[in-house]
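Okay, here's what each chain looks like letter by letter:
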Amino acid sequence: MKIGKARVPYLLLLPGFAFLFTFFILPILNLAQTSTQTPVKGGDTGEYEQSFAFSNYINAFVDNKEQFGRSFVYATLATILALAIAYPLAYAIAFKSGKFKNILLVLVVAPFFTSFLLRTVAWKQILGEEGFIVPTLRSLHIISEQTTLTSTAFAVVAGMTYNFLPFMTLPLYASLERIDPRTIEASGDLYANGLTTFRRVTVPLSMPGVVAGTLLTFIPAAGDYVNAAILGSPNTKMIGNVIESRYFKIVDYPTAAALSFTLMAAILILVTLYIRKAGTEELV
Amino acid sequence: MSQKIKDATIPTIPTKARISRWFGRNMLRIYMIFGFTYLFIPVAYTFVFSFNDSGKSNLIWKGFTLSNWQNPCGAPEVCNALGNSIKIGVLATTFATILGTMIAFAIGRYQFKGRSSSNLLIFLPMATPEIVLGASLLSLFLVFKINPGFWPTVIAHVMFCTSFVVVTVKARIASLDPRLEQAAMDLYANELETFRRVTLPLVAPGIAGAALLAFSLSFDDFIITNFNSGTLITFPKFVYVSAARGIPAQANVIGSSMFFLALAIVIAGQLVNRKKAR
Amino acid sequence: MSNDAISARGDLRLTRITKSYGDFNAVDDLTLTIPKGSFFALLGPSGCGKTTTLRMVAGLEEPTVGSIHLGDTDITTTRPYQRPINTVFQNYALFPHLTIFENIAFGLRRRGIKDVKEQVDKVLSLVELPHLAGRKPTQLSGGQQQRIALARAIVNRPALLLLDEPLGALDLKLRRQMQIELKWIQREVGLTFVHVTHDQEEAMTMADTIAVMNEGRIEQMGSPADLYDDPETAFVANFLGQSNLIKGKIEGNDGDNLVIDLFGQKISMPKKRSHAVDNSMYAGIRPEKFRISRTGTPTRGNTLTGGHIEDVSYIGVSTQYVVAMPWGQELMVFEQNDDGVAPFDKGDEVVISWEPTFTFGLRGDEDIEAGTEVNPEEPAEE
């Protein structure tokens, strides 16, 4: 339906888009520009000039390919784990919770309200040497005296899984909740057993939620450095940790920019391929 | 029907089969209990340790005390950090909600040239890792010789919250029956009155939800804030910095209070909604 | 101009209206006059353009070509809120955030009318729901919502009330009851009602005048009885009730009657009931107009011999027969169950007869399936 004049939508977009242009697009362009700079000869620390040094990218990647690899492996693992945990949870809330549906939904989001850093630190302490889990496991001889749970890749992946779980659960719930329960009954009526119904009806119908949830988990996980910093060790550094230290400790802006740009490009390419494959264009 | 006949007609099920059937039926419920336990362990831990008579480092349980709750600002900097986070959150939420709602109306209500690229521009900030958003914005501020601090942080928060507002409000607008607005126009309300009396009240819950989301995103943000806040301390930054040497129990008090406050707001909202629907 | 529109009164005239969406003409060169005070129905299958027509009258769409007048005022481009026209929307479109009282008061308040309370109370008692004023729309049943939607529109005393499939969401029993009530309210308030529907029974029950629409055009317009009795096109003959259309040839005249050859058997019909343009035509007879009798018994009027009963369905008030004719066509015959027994069995040899004045004639080049393949019960457009 048309209301009013053709100018209206543009006027509505103007302030927001001017803002996003200035503080999102422009910084990204500037980042691209920074990424090919080199230090000014004889200049101070942090002084750089443009010299179109595309070799920055190659150096940055070669020097940090381990951390890149780790970021994508950890993020993928965390995404798969989160999906495995969240799917039955979302399914149960959508189909088996009856009148408690709204309360349970609030409970999924509720942990959000305690600062995620506090929760991550809490995990560190629960899983740490002074927590109750490690001594218990040791006294039961399930783990050896030397084994720790924190400062390991396991802890980092577990932390990310935990922190991004609601991002996975909510979109999954939203798409599961939209499924007409009659389609599931119809599938049963047409000789499909429980498992076949789930595989042939429920899962395909919930695909939009799966796609949205995995993206909302994978993207922040791949760029995360907080979990690695709190729960990990120097051996679990991710690309986020490198970018952070390049900026703040080494003041090497071009490398940090090149790394950021590579990360962003890699994620965008993966996401595009993934969306193509999953066949769901309508995400937003 | 008498009890006798009932007993006679129903064949008895072996205990083993009965147990496995019970598990089959309740598997999801059991799973749900485990899932929620997992979600709430650190929340419960944080709450419990807010009562720890810990002194400076809140690592080991040393005894129960209410003093942390009686004096939440007892630890140095903690209330200052909280105050900064609230100020930034309120400002960022306000701006992001206004900008995002306008964009949502443009995209949700009008057909215009460039609509799909507008959608892309909204999607991109959400698809960009926070560290890239934070780092790129910091580079821009440095180019313009703007020192990181309070306002750069507010700007950064508005930037990443706006997309979430747009998506939330747009969903609400999309679920709005266009016939309601047509009915208002049919009943002598001009465009402005239709917007004020019908569209806005109906979209308002979506806007409120978006604002709540924006505030919690802003309040909880660490990565982008860390890049753009300079020496300014926010609550997440405070927790991060003190994580190494043990967080004061006052931080747990604040975290737990936020949890209960937000829960109360959500429950109150639900109750109001239910009352309205009746 | 626009401020005058609100007080315009008189007949509604649509002049050569076309509404195009790209290459598709939803409404195609439509001209129509709806007299003041009438109960007018636009009837047609989904996608025929009736709802688009209604929306143009309401001001929610603008015609691509053509003009709309209310009395002497041109309202073609007038904004919806400046027209003295109100709509009862499909699914009612009651404002969910406002009480019933405020829903009804909405239009009055926008026009700055003083005695809002009094008028709302009055219309609430007209629709017999005064006790619901404080409720919210979601707390009402479908039938109650329907009446509130009606009250919200008529409280404004518009020059024209548009009803867009107003009873579509109600169950059959309630629909019947509301049909009678709507008609009564229309007489009570004396407004012009324009009613859009795909339900021919609903249109016939309520409207004084029906315009049958098909593919953006008006097929035929008239009183329900005229349309049923003397349809001018195969579409109208099939869409309004059922018809038997038999291919024939006009052989000649016999006074005011035509003599027609139907596969070798001669029948006659009044000349003025034929809409054929040349010698070829279809003779149309409604199933209930046929009489059926055993071969060999005497008959009156037009007679077709050589049939045999193909199928019998007993449906209470009547029995429906399918009679196979020698030329391969199957005719539908409805017989009243006056005596309570079905006198014919499958396979019986029968003769069919009817009064010549019940015959109507259609052009020989018509598509006799027109209007049969559309399912009138399917949900309406949009």
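Residues numbered from 1 in each chain as written. Chains lettered and ligands numbered in written order. Predicted model: local features only at pLDDT ≥ 70, side-chain atom pairs only at ≥ 80, totals over all residues. Heavy atoms only, no water.

So, the pattern of salt bridges
Opposite charge on two side chains makes pairing possible when the charged atoms of those side chains draw close.
Residues and elements named next belong to chain C.
So, point 1. The full count for this structure, using the stated rule, is 27 salt bridges over all chains.
So, point 2. D121 is paired through a salt bridge with K117; the nearest N and O atoms lie 2.7 Å apart. Separated by 4 residues within a single helix, D121 and K117 lie in helix 4 (residues 116-126), roughly one turn from each other.
So, point 3. Owing to a relative accessible area of 32%, D121 belongs among the partly exposed residues under this scheme.
So, point 4. A relative accessible area of 52% means that K117 is categorised as exposed.
So, point 5. Via salt bridges that share partners, K19, R55 and E61 belong to a single interconnected network. (Salt bridge = Lys/Arg side-chain N within 4 Å of Asp/Glu carboxyl O. Helix = DSSP H or I, 4+ residues; strand = E, 2+ residues; numbered from the N terminus. Buried < 20%, exposed > 50% of the residue type's maximum accessible area, 1.4 Å probe, protein only.)

Focus: the sheet that holds strand 1 (residues 12-21) of chain C
So, point 1. Read across the open sheet, the 4 strands follow the order 2-1-4-5 (chain C); overall the sheet is antiparallel. What marks the edges here is a single partner per strand, and that holds for strand 2 (24-34) and strand 5 (73-74) of chain C. (Pairing = 2+ DSSP bridges.)

What about the domain arrangement of chain B?
So, point 1. Structurally, chain B comprises domain 1 (2-69) and domain 2 (76-247).
So, point 2. Between domain 1 of chain B and domain 2 of chain B, the C-alpha centre-to-centre distance is 37 Å. (Domains from an automatic or database assignment.)

A closer look at the state of the cysteines
All names here are of chain B.
So, point 1. Under the definition given, this model contains 1 disulfide over all chains.
So, point 2. The disulfide partner of C73 is C79, and the S-S distance across this bridge is 1.9 Å. Given an S-S torsion of about -85°, the disulfide between C73 and C79 has left-handed geometry.
So, point 3. On the basis of relative accessibility, which here comes to 43%, the residue C73 falls in the partly exposed class.
So, point 4. When its relative accessible area of 24% is taken as the criterion, C79 is described as partly exposed. (Disulfide = S-S within 2.5 Å.)

Notes on the interface of chain C and chain B
So, point 1. Counting from both sides, the interface comprises 31 residues of chain C and, opposite them, 20 residues of chain B.
So, point 2. Roughly 2,200 Å² of surface becomes buried between chain C and chain B when both sides are summed, with 59% attributable to carbon and sulfur atoms.
So, point 3. On the chain C side of the interface with chain B, the three residues burying the most area are Y81(C), H97(C) and R110(C), jointly 29% of the side's total.
So, point 4. Our enumeration of links across chain C and chain B arrives at 2 salt bridges.
So, point 5. For R110(C), the salt bridge identified is with E193(B), shortest N-O distance 3.5 Å.
So, point 6. Across the chain C-chain B interface, the total number found is 8 residue pairs in polar contact (both at pLDDT 80 or more).
So, point 7. Tallied by class, the residues present in the side of chain C that touches chain B amount to 14 nonpolar, 9 polar and 8 charged. (Contact = heavy atoms within 4.5 Å. Buried area = accessible area lost by both parts, 1.4 Å probe. Polar contact = N/O pair within 3.5 Å; in protein donor to acceptor, adjacent residues only side chain to side chain. Nonpolar A, V, L, I, M, F, W, Y, C, P; charged D, E, K, R; others polar.)

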